[in-house]
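Examination of the molecular architecture
The chain contents come next:
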Amino acid sequence: MKRPEIALEDSARGRVTRDGIRIHEPADFEGMHRAGRLAAEILDAITSQVVPGVTTDALDREIERMIADAGAESATIGYRGYQHASCISVNHVVCHGIPGPKALKDGDILNIDVTVIVEGWFGDTSRMFVAGRPSRKAERLIDVTHDALMEGIAAVRPGNTFGDIGAAIQRHVESQRMSVVRDFCGHGLGRVFHAPPNVLHYGRAGSGPVLEEGMFFTIEPMVNLGRPETKILADEWTAVTRDKSLSAQFEHAVGVTAGGCEIFTLSPAGLFHPTWARG
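Calculation notes
Residues numbered from 1 in each chain as written. Predicted model: local features only at pLDDT ≥ 70, side-chain atom pairs only at ≥ 80, totals over all residues. Heavy atoms only, no water. Pairing = 2+ DSSP bridges. Helix = DSSP H or I, 4+ residues; strand = E, 2+ residues; numbered from the N terminus. Axes fitted to C-alpha atoms, helices over the stretch in contact; angles between N-to-C directions. pLDDT = per-residue confidence, 0-100. Contact = heavy atoms within 4.5 Å. Disulfide = S-S within 2.5 Å. Buried < 20%, exposed > 50% of the residue type's maximum accessible area, 1.4 Å probe, protein only.

Strand pairing within a sheet occurs via backbone hydrogen bonds; the two strands may be parallel or antiparallel. Sheet architecture is open: 3 strands sit in the order 5-14-13, paired in antiparallel fashion. The open sheet has two edge strands, strand 5 (93–95) and strand 13 (230–232), and neither has a second partner. For this sheet, the mean inter-axis angle between neighbouring strands, taken without regard to orientation, is 40 degrees. Strand direction decides the pairing type here: strand 13 and strand 14 (residues 239–241), joined by 3 bridges, are antiparallel. Along strand 14, the bridge assignment pairs Ile232 with Ala239.

Structure follows, in structure tokens:
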């Protein structure tokens, strides 16, 4: 994810819209599927290790090992000085949580965000995990956030706008008396980590650039139980809720097709939601 004001240049070849959004070729979908599948497989594999007592640093080291074993690269190690293969955001951390020595406690909820590079293509996904059993309010937050992501994905088809995606997410979240984070957004990707467009998770239907076949981007709503405001800690990475309320996030990378979209980061093992992981 990234702050809405940041838009890095995409240096790949191909047509670019007047909004700076790259239109990829049909053959490019396969590269994105390979990268997205590996990122999803890594999160599948880490699921059984998310338990009370484990440290987020230990989880990150295992993720780094799996990326290396797959012959891929981590997109985050070395990115703007970041030194980890994942971001792990626990409880009231909204995003960009830095792995460390603190052990997870029973009931902690956490988002693990992984981006890999496979043959030049970037696979970017995140999902929620639970150490032990979540509280009822945490479980409800996770459900609402997941459903909001899927509402946004359902709005992806040629002729719709990016505002349609944000409006669908915002409508669902606010109907459940929760709030959408405004300070971070989804982004274009492909052969680069971040590129136009900024994919906002709130907004007005019918606004923003029109979706076209061949656009690749992430949708990754962050939802707070309390108010939407965030603040950045002194490490200049970790974003937390200002009111200390719980926060959750799910992320898929998608490509616009003639009839809708393809999700590049589907879980091969069907573990994208922590309830599914518990069977």
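What follows deals with the confidence of the model for the protein. The predicted model of the protein averages 95 in pLDDT, with 94% of residues at 70 or higher. Low confidence marks residues 4–11, where pLDDT is under 50. Its contacts with residues over four positions away, or in another chain, come to 22 contacts.

So, about the state of the cysteines. Scanning all chains against the criterion turns up 0 disulfides. Distance from the sulfur of Cys95, which forms no disulfide, to the nearest cysteine sulfur (Cys87) is 7.8 Å. Classification of Cys95 by relative accessible area gives buried; the value is 1%. A disulfide-free cysteine, Cys261 has its sulfur positioned 18 Å from the sulfur of Cys185, the nearest such atom.

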